[in-house]
Amino acid sequence: MTATTYPETHGDVPEKAMTISEFGAQKALGIIGQSGKENAGVRVFIKSGGCSGYQYGMAIDDRELEGDTIVHDRGVKLLVDHMSLSLLRGSEVDFVENMMGGGFTVNNPNATSSCGCGHSFRTDSAQSPDGEGSTGCGSH
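What comes next concerns the included structure. (Residues numbered from 1 in each chain as written. Predicted model: local features only at pLDDT ≥ 70, side-chain atom pairs only at ≥ 80, totals over all residues. Heavy atoms only, no water.)

1. Regarding the sheet that holds strand E8 (residues 101-107)
- Pairing within the open sheet is mixed, and its three strands lie in the order E2-E7-E8. Only two strands of the sheet have a single partner each, and these edge strands are strand E2 (18-20) and E8. Strand-to-strand, the axes of this sheet are offset by a mean angle of 25°, without reference to chain direction.
- As judged from the three bridges shared by E2 and strand E7 (residues 91-98), these two strands associate in the parallel manner. Bridge pairing in E7 links Ile20 to Val93.
- The strands touched by helix H1 (residues 22-35) within the sheet are E2, E7 and E8, with E7 carrying the most contacts at an inclination of about 80°. (Pairing = 2+ DSSP bridges. Helix = DSSP H or I, 4+ residues; strand = E, 2+ residues; numbered from the N terminus. Axes fitted to C-alpha atoms, helices over the stretch in contact; angles between N-to-C directions. Contact = heavy atoms within 4.5 Å.)

2. Regarding the pattern of salt bridges
- The full count for this structure, using the stated rule, is seven salt bridges.
- One salt bridge in this structure joins Glu97 and Lys27, with 3.5 Å as the shortest N-O distance. With a gap of 70 residues between them, Glu97 in strand E7 and Lys27 in helix H1 connect regions that are remote in the sequence.
- A residue is classified by how much of its surface remains accessible, and Glu97, at 52% relative accessible area, is exposed.
- Of the charged contacts, one joins Arg63 and Asp61 as a salt bridge, the two residues approaching to 3.0 Å between their closest N and O atoms.
- According to the relative accessible area criterion, Asp61 is buried, its value standing at 5%.
- Each of the salt bridges in this network shares a partner with another, and the network as a whole consists of Arg43, Asp61, Arg63 and Asp68. (Salt bridge = Lys/Arg side-chain N within 4 Å of Asp/Glu carboxyl O. Buried < 20%, exposed > 50% of the residue type's maximum accessible area, 1.4 Å probe, protein only.)

As far as function goes, none of this settles anything; it's purely spatial.
In structure tokens form, the structure reads like this:
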């Protein structure tokens, strides 16, 4: 299995492909602990759709697939497939709580615009891929 792994590091180190906030890590570790999956991590991925063109997805996954980039940050294993990595590089996974509830979010420096719901984004002013993405915020 071929994967690129970034170990937990401290101090002056090369930039990681992706990070997770302290609060996001606390929430993720709790969910992973309840999953019953040994050696699991958070798989972060991109799919076409949403009102801005691309949509974020996350899942608890105990598989390391060929081509994955694996980042260990704050005790959490983040898994990103090769196709999603270019759109997620430099992003931070976070957990946000507000009056409407709480959930994971991605702070993505590559996004040039995003939907009001925060679940979809665009990386440039181009139209959504394959004509998708006109379904509105309620369809995530």
